[in-house]
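Geometric and topological summary
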Amino acid sequence: MIANQLNLTEKQVNSFDRFLVDGTQKALSALDDMFGLDIECSDSCFEIAPARGSEYLKHLGDEPLYTVSSAMVGDMQGRIFVLMRASDFRHLSKAMKPTLELLFCADIDADLTPTNGHANDQLQHSRKWKTEEDLLHEQMMDTLSEMANVFIGLYARAIHNISKLNAHYSVPYAIKDSHQQIIRHFLWAPEVSEQLHLVIQNEFFMMNKPVKLWCLFSPTQKSLQRILRRIEQSDELHPEPVARAAAA
């Protein structure tokens, strides 16, 4: 889906289609290989539109969000966000609980064998007030940051593949945005109200339920125009054809 005010050539449209497929395929493999998730099937869609005109951003609803943000500098400038609704975060936590419990056990076993008995007492005291749910949530926040870092890197690479422009980004970190204040403050700010965003909506089915995750690339107007020009100047879109991975 392309914003009405953005008249793209066929070459540019095909390039963004390849951008989606390339990034999504690698993201799906990363979830499986790096995070041990059993993805039953997946679907992804993409649009270029201002925030107020984005059909996919409407799917965020008004529930709390887990927001991961990063600044983009270099050949392209702007912001990058990875967004997940609280309900999807809870289901992803449930799907990942067996893996995270193994990590917890490994960490606890290592920490509970200090050479100093006093250090052991301090560790047990520090953990006493934390419930299992608290520990799982902390680990999931770290995991979400790692996932976002992987997604951002893969999609930044996919942009490079179609435009030959490099983007460097700051280390992302995840926070719970209870009232969506962070993302709304950015999207509705006067200076970006008409800015076009690259919105990627990923939907993964795990344990017979869908989990949605949004990647929001928000290059400055100047950076977006640079991407479009570089696509038109390139001799070929991509060295190898890539098949769409709508389902696994």
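Read on for a plain summary of the structure. (Residues numbered from 1 in each chain as written. Predicted model: local features only at pLDDT ≥ 70, side-chain atom pairs only at ≥ 80, totals over all residues. Heavy atoms only, no water.)

**Some remarks on a positive patch on the surface**
Together, Arg-90, Lys-94, Lys-176 and Lys-209 make up a region of like positive charge exposed at the surface. Since its relative accessible area comes to 53%, Lys-94 is described here as exposed. (Patch = residues over 30% accessible without salt bridge, like charges linked within 9 Å, V, L, I, M, F, W, Y side chains within 5 Å. Areas by Shrake-Rupley, 256 points an atom, 1.4 Å probe, with all protein chains shown as cover. Salt bridge = Lys/Arg side-chain N within 4 Å of Asp/Glu carboxyl O. Lys, Arg positive; Asp, Glu negative; His and termini not counted. Charge placed at Lys NZ, Arg CZ, Asp CG, Glu CD. Buried < 20%, exposed > 50% of the residue type's maximum accessible area, 1.4 Å probe, protein only.)

**Comments concerning the packing of helix α1 (residues 10-33) against helix α4 (residues 132-163)**
Two quantities define a packed helix pair, namely the angle between the axes and the distance from one axis to the other. Interaxial distance between α1 and α4 falls to 9 Å at its minimum, and their mutual angle equals 150°. Relative to α4, the element α1 lies roughly antiparallel. For the pair α1 and α4, the sense of crossing is right-handed. For the pair α1 and α4, the contacting residues are Ser-15, Phe-16, Phe-19, Leu-20, Asp-22, Gly-23, Thr-24, Lys-26, Ala-27, Ala-30 and Leu-31 in the first and Met-147, Val-150, Phe-151, Leu-154, Tyr-155, Ala-158, Ile-159, Asn-161 and Ile-162 in the second. Here the residues of the contact of α1 with α4 sort into 14 nonpolar, 4 polar and 2 charged. (Axes fitted to C-alpha atoms, helices over the stretch in contact; angles between N-to-C directions. Helix = DSSP H or I, 4+ residues; strand = E, 2+ residues; numbered from the N terminus. Parallel < 35°, antiparallel > 145°, perpendicular 65-115°, else oblique. Left-handed = near helix turned anticlockwise from the far one by under 90°. Contact = heavy atoms within 4.5 Å. Nonpolar A, V, L, I, M, F, W, Y, C, P; charged D, E, K, R; others polar.)

**Brief notes about the side chain of Ser-145**
Relative to the helices and strands, Ser-145 is located in helix α4. For Ser-145, a relative accessible area of 16% puts it in the buried group. Residues in contact with Ser-145, not counting those within four places in the same chain, are Pro-172, Tyr-173 and Ala-174.

**What about the environment of Ser-42?**
Inspection of the secondary structure assignment puts Ser-42 in strand β1 (residues 41-50). Taking the C-alpha atoms as reference points, Ser-42 and Gln-25, 17 residues apart in sequence, are found 9.9 Å from one another.

**Brief notes about unusual backbone geometry**
At Lys-164, a residue that is not glycine, the phi angle is positive and equals roughly 65°. Structurally, Lys-164 is set in the loop between α4 and β4 (167-169). On the basis of relative accessibility, which here comes to 44%, the residue Lys-164 falls in the partly exposed class. Within the chain, Met-207 stands out as a residue other than glycine whose phi angle is a positive 55°. Counting through the fold element by element, Met-207 comes out in the loop between β6 (196-206) and β7 (209-219). A relative accessible area of 39% means that Met-207 is categorised as partly exposed.

**Details of the pairing of strand β3 (residues 78-85)**
A regular strand carries its side chains on alternate faces of the sheet. Most of β3 sits out of view: 7 of its 8 residues are buried. Here strand β2 (residues 65-74) pairs with β3 via 8 bridges, running antiparallel. Looking across to β3, one finds that Tyr-66 is bridged to Met-84. The loop that links β2 with its antiparallel partner β3 comprises 3 residues. Examined bridge by bridge, β3 and β7 share 6 bridges and lie antiparallel to one another. Looking at β7, one finds that Phe-81 is bridged to Leu-216. (Pairing = 2+ DSSP bridges.)

**So, the side chain of Ser-15**
For Ser-15, the position within the fold is in helix α1. Assessed through its relative accessible area of 0%, Ser-15 is described here as buried. In this structure the side chain of Ser-15 is engaged in a polar contact, spanning 2.9 Å, whose partner is the backbone oxygen of Lys-11. (Polar contact = N/O pair within 3.5 Å; in protein donor to acceptor, adjacent residues only side chain to side chain.)

**Describing the pattern of salt bridges**
One side chain can pair with another of opposite charge once the charged atoms of both are near each other. Tallied over the full model, the rule gives 3 salt bridges. Taking the shortest distance from any N to any O, the salt bridge between Glu-55 and Lys-58 comes out at 3.2 Å. For Glu-55, a relative accessible area of 36% puts it in the partly exposed group.

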